[in-house]
Amino acid sequence: QVRVTESGGGLVQAGDSLRLSCKASGRTTSTFSIGWFRQSPGAEREFVAAISWNGSTYYADRVKGRFTISGDNWKNTADLQMNSLKPEDTALYFCAGRYLKAATTAQEYDFWGQGTQVTVSA
């Protein structure tokens with residue numbers, strides 16, 4: 001089994017930055033990939049960013065240029081640096097893990113954290 005844990009959410013103002021951290025532990029391997037998703041009330045869970053075990057990164061169009069994902073494959077960690085935050089970025093942010101290549105849809109991830117709330121005020 002794999003356990004995924006997020007941290008770093010909070011309340012910030014528009015234009016501020018915030019950094020989320022994710023750690024996967026348990027039966028991870030050297031080919032374990034991590035993705036970040038978010039979900040607002042009444043909305044579907046949407047892809048934000050992901051990093052593959054080999055370092056390849058993927059971003060949703062709406063966060064490109066503002067968010068940066070980075071990871072340590074040996075430690076199975078992945079941070080999400082969020083800059084120039086907007087009120088529409090407000091959501092519950094989830095970290096997820098899967099074996100092999102990173103994916104951009106929630107259904108492809110097998111292990112999920114509990115989520116960390118990010119609230120951006122105008």
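Now for a look at the structure at hand. Once a new chain begins, its residue numbering starts again from 1 and follows that chain's sequence as written. Only residues with pLDDT of at least 70 are given local features in this predicted model, and only at 80 or more are side-chain atom pairs given and counted; all residues enter the totals for whole chains, interfaces and linings. Think of the side-chain values as coming from all heavy atoms in the structure, minus any hydrogens and water.

**Some points on the state of the cysteines**
Here is step 1: Criterion for a disulfide: a pair of cysteine sulfur atoms within 2.5 Å. Summed over all chains, the structure comprises one disulfide.
Here is step 2: The partner cysteine of Cys22 in its disulfide is Cys95, sulfur to sulfur 1.8 Å. Looking down the S-S bond of the Cys22 and Cys95 bridge, the torsion is -70°, so its handedness is left-handed. Taken together, the positions of Cys22 in strand β3 (residues 18–26) and Cys95 in strand β9 (residues 91–99) put the pair 73 residues apart, joining distant regions of the chain.
Here is step 3: Only protein chains enter the calculation, and the probe is 1.4 Å; a residue is then buried if its accessible area is under 20% of its type maximum, exposed if over 50%, and partly exposed in between. We classify Cys22 as buried; its relative accessible area is 2%. Going along the chain from the N terminus, every DSSP run of H or I of four or more residues is numbered as a helix, and every run of E of two or more is numbered as a strand.

**Comments concerning the sheet that holds strand β7 (residues 67–72)**
Here is step 1: Read across the open sheet, the four strands follow the order β1-β3-β8-β7; overall the sheet is antiparallel. In this open sheet, the two strands that pair with only one neighbour each are β1 (2–7) and β7. Pairs of neighbouring strands in the sheet enclose a mean axial angle of 15°, with direction left out of account.
Here is step 2: Relative to β3, β1 runs antiparallel, the two being bridged by six bridges. In the sheet register, Val2 faces β3, and the bridge partner there is Gly26. DSSP-based pairing: two strands are paired if at least 2 bridges between them are found. Orientation is described by axes fitted as lines to C-alpha atoms, over the contacting stretch for helices, and by angles from 0 to 180 degrees between their N-to-C directions.

**Some thoughts on unusual backbone geometry**
Here is step 1: We note that Asn76 has phi near 55°; this positive angle belongs to a residue other than glycine.
Here is step 2: As for its position among the elements, Asn76 is in the loop between β7 and β8 (77–82).

**Section: the packing of aromatic side chains**
Here is step 1: Any pair of Phe, Tyr and Trp rings, taking the six-membered ring for Trp, is counted once the centres come within 6.5 Å. Such a pair is stacked with planes under 30 degrees apart, edge-to-face with planes over 60 apart, and tilted for the rest. For the structure on display, the rule yields eight aromatic pairs.
Here is step 2: Pairing Phe37 with Phe47 gives two aromatic rings, centres 5.7 Å apart and planes at 70°, and the pair type is edge-to-face. Of this pair, Phe37 sits in strand β4 (residues 32–39) while Phe47 sits in strand β5 (residues 46–51), placing them ten residues apart in sequence. In this structure, Phe37 and Phe47 share a single accessibility class: buried.
Here is step 3: When the ring of Phe37 is compared with that of Trp112, the centres are 5.2 Å apart and the planes differ by 55°; the resulting orientation is tilted. Of the two residues, Phe37 is situated in strand β4 and Trp112 in strand β10 (residues 111–112); the sequence distance between them amounts to 75 residues.

**What about the pattern of salt bridges?**
Here is step 1: The term salt bridge refers to a pairing of a side-chain nitrogen on Lys or Arg with a carboxyl oxygen on Asp or Glu at a separation within 4 Å. Following the criterion strictly, the structure yields six salt bridges and no others.
Here is step 2: Here Arg19 ties to Asp79 by a salt bridge, and the two come within 3.2 Å at their closest N and O atoms. Within this pair, whereas Arg19 is found in strand β3, its partner Asp79 is found in strand β8, the two being separated by 60 residues in sequence.
Here is step 3: Residue classification places Arg19 among the partly exposed residues on the basis of a relative accessible area of 40%.
Here is step 4: Among the salt bridges present, the one from Arg62 reaches Glu46, with a minimum N-O distance of 3.6 Å. In this pair, Arg62 sits in the loop between β6 (57–59) and β7 while Glu46 sits in strand β5, placing the two residues 16 residues apart along the sequence.
Here is step 5: With a relative accessible area of 55%, Arg62 lands in the exposed category.
Here is step 6: Several salt bridges converge on common partners, so that one network encompasses Arg38, Glu46, Arg62, Arg66 and Asp89.

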